[in-house]
Amino acid sequence: MNIDLKNKVCLVTGGNRGIGRAVVKTLVDSGGVVAFDFREREKPARELAEEITAAGGRAQAFQADITDEFRVKRMVEEIHDELGPIEVLVNNAGVNRDHSFAKMTKEEWDEVIAVNLTGTFNVTKAVLPNFIEAGWGRIINISSIVGQRGNFGQANYAASKAGLIGMTKALALELAGKGITVNAIAPGFIDTDMTAGIPEAVTEKIKATIPMRRYGSTDEVAPAVVFLASEQASYITGHVMSVNGGLYL
Ligand code: NAI
């Protein structure tokens, strides 16, 4: 099977590092034209776009904090003007602010919900009219195993990621008749900056619980996103795809 995204314009939020960065590169390798969003680290974002362009691909970086709905709307207009209407949306940007619930502050709760859940609402809301007009679209939300089974010290993050699964299923139903599919990916523990902060001793304990006995790599998540973005995935909607080494079945 050959996946060819045929110059489809894709938007990946939080695309300058980690899982988002791998998704950007894999979408480009599969024939997509990729806009990716960064919040504050401009230099690596510009360098990624230049690296892709130098290798013959098409990618462009755009600045936006996804919690700012007006800036998000503007960014979507900029992408439309420079690359064309967006056809594939990957809601990847996310944060964690971990504490046991007893110690969790209201600020930590609010920030995680604002980025992971309301940020996803903002971007989806801004992009959806294009999809409906075109009668075609792909939305892929990066949830988490933590949204499926919970995790100690992550009540805010778990709520946001479970919320994304609910949003995915509701939107899938609303958009199924309009040529638009909406799916989620639930990665397990993946080697990125987000997991780099976990102390070594805890990391070893976590790995011992994973049937594959290792963290996944970003390159093991990105192909799942590309498949769900492809024409070949046209009959899959409302699905939550686990990429977790067998940790939660
Ligand atoms: P990361 O911390 O390396 O990357 C997160 C990206 O989101 C960064 O590019 C960051 O700038 C961006 N971002 C954060 N807040 C933003 C905002 N307000 N506006 C725009 N961009 C913003 O994390 P990683 O690991 O690459 O995570 C990517 C996604 O995958 C996240 O949604 C995360 O929750 C999810 N995930 C990660 C797992 C892991 O083990 N690394 C496991 C399961 C899910």
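Residues numbered from 1 in each chain as written. Predicted model: local features only at pLDDT ≥ 70, side-chain atom pairs only at ≥ 80, totals over all residues. Heavy atoms only, no water.

Taken together, 28 residues lie near the ligand, and N16, R17, N92, Y157 and T192 sit nearest. In the model, an oxygen atom of the ligand is placed 3.5 Å from a nitrogen or oxygen of the G94 main chain. Contacts to the ligand include K161, whose side-chain N or O atom sits 2.8 Å from an oxygen atom. The fraction of the free accessible surface of the ligand (820 Å²) that becomes covered by protein chains is 97%. Going through the elements one at a time, α1 (18-29), α6 (155-175) and α7 (193-196) are the ones with two or more residues in the shell around the ligand. (Near = heavy atom within 4 Å. Polar contact = N/O pair within 3.5 Å; in protein donor to acceptor, adjacent residues only side chain to side chain. Areas by Shrake-Rupley, 256 points an atom, 1.4 Å probe, with all protein chains shown as cover. Helix = DSSP H or I, 4+ residues; strand = E, 2+ residues; numbered from the N terminus.)

Bringing the pairing of strand β3 (residues 58-63) into the picture now. Two strands pair when backbone bridges link them, and strand β2 (residues 33-38) and β3 are joined in this way by six bridges, in the parallel orientation. Directly across from D37, in β3, lies its bridge partner F62. What joins β2 to β3 is helix α2 (residues 42-54), and the crossover it makes is right-handed. (Pairing = 2+ DSSP bridges. Right-handed = clockwise from strand over helix to strand, strands pointing away.)

As a further point, take the pattern of salt bridges. Where charged atoms of side chains with opposite charge meet at close range, the side chains can pair. Per the counting criterion, the structure on display carries 13 salt bridges. Residue E51 is joined to K25 by a salt bridge in which the shortest nitrogen-to-oxygen separation is 3.4 Å. Note that E51 is positioned in helix α2 and K25 in helix α1, a separation of 26 residues in sequence. Judged by its relative accessible area of 38%, E51 is partly exposed. Note that E111 and R97 form a salt bridge whose closest N and O atoms lie 2.9 Å from each other. Of this pair, E111 sits in helix α4 (residues 106-134) while R97 is found in the loop between β4 (88-91) and α4, placing the two residues 14 residues apart along the sequence. With relative accessibility at 30%, the residue E111 sits in the partly exposed group. (Salt bridge = Lys/Arg side-chain N within 4 Å of Asp/Glu carboxyl O. Buried < 20%, exposed > 50% of the residue type's maximum accessible area, 1.4 Å probe, protein only.)

Per the stated rule, a full pass over the model turns up one aromatic pair. Between F189 and Y215 the ring centres are 5.6 Å apart and the planes differ by 20 degrees, which places this aromatic pair in the stacked class. Here Y215 lies in the loop between α8 (200-209) and α9 (218-229) and F189 lies in the loop between β6 (180-187) and α7, a separation of 26 residues in the sequence. Like Y215, F189 is buried. (Phe/Tyr/Trp six-rings, centres within 6.5 Å; stacked < 30°, edge-to-face > 60°.)

For α9, built from 12 residues, the straight-helix expectation of 16 Å at 1.5 Å per residue is met to within 8% by its first-to-last C-alpha distance of 17 Å. Listed in full, the buried residues belonging to α9 are T218, V221, A222, A224, V225, V226, L228 and A229. Check the buried side of α9 and you find it contacts α1, β4, β5 (137-142), β6 and β7 (240-243). (Expected span 1.5 Å × (residues − 1). Contact = heavy atoms within 4.5 Å.)

For the rest of this paragraph, the subject is the environment of T13. Turning to its location among the elements, T13 is positioned in the loop between β1 (9-12) and α1. Other than its neighbours up to four places away in sequence, T13 contacts D37, I66, V90, N91, N92, A93 and V123. Reaching out from T13, the side chain makes a polar contact with the backbone nitrogen of A93 at a distance of 2.9 Å.

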